[in-house]
Amino acid sequence: MDVYGRINILGGRSVRLPALDVTEAIILDNDPLNRARSWARQGADYLHVVDLNAAALGDYQNRPLIDRIITELDTPVQVAGGVRSHIEAMRLLRNGAWRVVMGTAAIEDQIMIWDLCRDYPDKIVVSIDVRPDQEIVTQGFTERSGRYLEEVMLEMSSAGVAAFLVAEAGRNPLTEPLDLDIYAEALELVPEPVIVAGGVGTLEDLRTLSRLSVEGRKLAGVIVGREVTVGRFSLADAKQTAVAGQEVPSLSPRGGMNMILWADDLEKMSAFYTAALGLQEVTAPHMATRGQVWMMIGGSYLVLRKRQPDTPSTGGADIVLWADNMSGWGTFLAAQGLSVVDMPASRSGLPIDMKGVKDPEGNTVWVSHQPPMF
C-alpha cells in the first residue's frame, strides 16, 4: 500500500483545514514547495496536491506554483482541485502532473470522463466522497447527489479511469471508527486501484486498512497529511505499517512439529498470536478442544492449552519458527508495535541469525531463515 503526502494550497501557502472550510485554514508553510520537499525527504511514494482556491473559489492563481512543484521534485505529483474541464486536465498533464483527480465534475459530466480516459489513459483519477448509506456527496460534502457508490464506480470503471480516491463523508477520524464496509465494497466492485483519501486517525487505523482484503484484492494507497503534521505518527511509521500489512510473512515451525504452550489467559494469548504474528485460529483436528486453542503455522499447529492448577509454568519457553523473508518479517513485527530482539549467530551458538518477540506470558518466539542442515 503506497503512502501519499497531502499538500493543500490556499493563496500560495500550504494550509491545514480543521473543518474542511477554507475560511478556517491554518497556515503550515508560506512556501508549499518546502512542504513538498519535506514529504519527498521523508520518503512519500507520491504527492497529492490540492488546489483549494481552484476547488472552492474557481480561482487558478496557484497553478504556476503547482507547476513548479511538479517540475522541481522527482516524486510523482497527483493534482486535485478545480479540474473541471478537458482543457484544464490536459494542461496539468502536459506540464508534468503524474495524474489528475476529478470529483464533482466527474459525477456531473460522464461524457467528459470517457473522453479524458480515452485521450489520457492511466492518468485520470476519480474522487468519491461516500456517506454511511453509500450515497455520493459532491461540492465538498455539501450536496447529496442521489447516486450511490456501486453505480458510480461501475460507470467510471467502464470509462477507464486509472484509480479511485474514496473518502468517508463527514466522519471525524479522531472520534469515529473507520467504515470498512465502504472500502470493502469498493474493492469488490472494480479492478482499478482504490486509494483511501485521508481520515486515518491512528497507526491502528492504517494497520487495519493495510490488512483489508477482498478476494485477494487490497487497498492500493492512503493519503496522509494532518496525521503526520500534528505528530500522531511519522511518515516512516506510516510507510512501515502500510508495507507490513500488505502480506503476513509465511512461517513454519522448526522440524514441521506441532508445538504446545500452557497459558493462563487463552484469549489474550490467542489475540497476540493472531494479530501480532498473523496465525490463523482453526478447529482442532480429530479431538475435543475445550480449554485449547489451535493455531495454524504452515502445515503444523501451535496449541495453546489452559493451564491447570497442577500444571507447571511454561513462561520463558523458546519457540523457533522459520520464515522465507527475514527482512519482511522484521518489518512486519516492528509495524505491530512489538519490541524486536536481534540475536546474531555469534550470540545464539547456532548457525543462524534470529529475531525474537515476547508473547504476553513471557515466552519468546524466535524467527529465522531455515539453514540447509535442518
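Anything mentioned here points back to the structure above.
For clarity, every value in this text was computed on a predicted model and none was experimentally measured.

Asks: Explain the overall build of the chain here, please?
Replies: If you tally the helices and strands in the chain, you get 14 helices and 23 strands. Put simply, of all contacts in the chain between residues at least 6 apart along the chain, 66% involve residues at least 24 apart. Put simply, the chain shows about 17,100 Å² of open surface, and 49% of that area lies on carbon and sulfur atoms.

Asks: What is the right way to read unusual backbone geometry from this model?
Replies: For residues besides glycine, phi is generally negative; the peptide bonds are generally trans as well. Positive phi, close to 65°, is recorded for Asp122, a residue that is not glycine. Considering the arrangement of structural elements, one finds Asp122 in the loop between helix H6 (110–119) and strand S7 (124–130). Relative accessible area serves as the criterion here: at 46%, Asp122 is assigned to the partly exposed category. In this model, Gln134 sits at a positive phi of 70°, which is unusual for a non-glycine residue. Along the chain, the position of Gln134 falls in the loop between S7 and strand S8 (135–138).

Asks: In this structure, what is going on with the pattern of salt bridges? I would like to understand it.
Replies: Between side chains of opposite charge, pairing is possible as soon as their charged atoms come close. Enumeration over the complete set of coordinates arrives at 18 salt bridges. The partner of Arg63 in a salt bridge is Asp51, and the shortest N-O contact between them spans 2.9 Å. Of this pair, Arg63 sits in helix H3 (residues 63–72) while Asp51 sits in strand S4 (residues 46–51), placing them twelve residues apart in sequence. One exposure class covers both Arg63 and Asp51, and it is buried. When the shortest N-O distance is used, the salt bridge between Arg131 and Asp133 registers 3.4 Å.

Asks: Would you mind going over the packing of helix H7 (residues 149–159) against helix H8 (residues 180–189) with me for this structure?
Replies: Pairs of packed helices are described in terms of their axes, by the angle between the two and the distance that separates them. As a packed pair, H7 and H8 sit with axes 10 Å apart at the nearest point and diverge in direction by 35°. Crossing handedness for the pair H7 and H8: right-handed. Listed contacts from H8 to Leu149, Glu150, Met153 and Leu154 of H7 are Ile182, Glu185, Ala186 and Leu189. Broken down by class, the residue content of the contact of H7 with H8 amounts to six nonpolar, no polar and two charged.

Asks: Which parts of the structure should I look at to understand the pairing of strand S10 (residues 163–168)?
Replies: Each regular strand shows side chains that alternate between the opposite faces of the sheet. Of all six residues in S10, six are buried; the element is thus mostly enclosed. Here S10 shows no split at all, with Ala163, Leu165 and Ala167 on one side and Phe164, Val166 and Glu168 on the other all buried. Note: S7 against S10, six bridges, orientation parallel. Bridge pairing in S10 links Val126 to Phe164.

Asks: Where do I start with the environment of Gly291 in this structure?
Replies: Along the polypeptide, Gly291 turns up in the loop between strand S17 (280–282) and strand S18 (292–297). Ignoring anything within four residues of it in the chain, the contact list for Gly291 reads Leu266, Leu304, Arg305 and Lys306.

Asks: Is there a simple way to explain the nonpolar core in this structure?
Replies: Soluble globular proteins tend to pack their nonpolar side chains together in the buried interior. By size, the foremost hydrophobic cluster in this structure holds 68 residues, and its most contacted members are Leu47, Met102, Ile113, Ile128, Met153, Phe164 and Leu219. Counting residues per element, this core draws most heavily on H8, at six residues. Leave out the neighbours within four places in its chain, and Ile113 touches Met102, Ala106, Ile124, Val126, Met156, Ala159 and Val161. Counting 25 residues, the second-largest nonpolar core is a separate cluster that includes Ala263, Leu266, Leu279 and Val357.

Asks: So what exactly am I meant to see when it comes to the packing of aromatic side chains here?
Replies: Each pair of aromatic rings is reported with the distance of its centres and the angle of its planes. If you walk through the whole model with that rule in mind, you get five aromatic pairs. Residues Tyr46 and Trp98 carry aromatic rings whose centres are separated by 4.2 Å and whose planes lie at 5° to one another, so their mutual orientation is stacked. Taken together, the residues Tyr46 in strand S4 and Trp98 in the loop between helix H4 (86–94) and strand S6 (99–102) connect sequence positions 52 residues apart. In terms of burial, Tyr46 and Trp98 fall into one category: buried. Ring geometry for Trp294 and Tyr301: centres 5.3 Å apart, planes at 70°, overall edge-to-face. Grouping residues by exposure puts Trp294 and Tyr301 together as buried. Here the aromatic cluster, defined as three or more aromatic residues joined through ring pairs, consists of Tyr4, Tyr46 and Trp98. Across from the ring centre of Trp262, 6.0 Å away, lies the NZ or CZ of Arg305, which sits over that ring.

About the thresholds
- Residues numbered from 1 in each chain as written.
- Predicted model: local features only at pLDDT ≥ 70, side-chain atom pairs only at ≥ 80, totals over all residues.
- Heavy atoms only, no water.
- Helix = DSSP H or I, 4+ residues; strand = E, 2+ residues; numbered from the N terminus.
- Contact = heavy atoms within 4.5 Å.
- Areas by Shrake-Rupley, 256 points an atom, 1.4 Å probe, with all protein chains shown as cover.
- Buried < 20%, exposed > 50% of the residue type's maximum accessible area, 1.4 Å probe, protein only.
- Salt bridge = Lys/Arg side-chain N within 4 Å of Asp/Glu carboxyl O.
- Axes fitted to C-alpha atoms, helices over the stretch in contact; angles between N-to-C directions.
- Left-handed = near helix turned anticlockwise from the far one by under 90°.
- Nonpolar A, V, L, I, M, F, W, Y, C, P; charged D, E, K, R; others polar.
- Pairing = 2+ DSSP bridges.
- Core = buried A, V, L, I, M, F, W, Y, C linked by side-chain atoms within 4.5 Å.
- Phe/Tyr/Trp six-rings, centres within 6.5 Å; stacked < 30°, edge-to-face > 60°.
- Lys NZ or Arg CZ within 6 Å of the ring centre and 35° of its normal.

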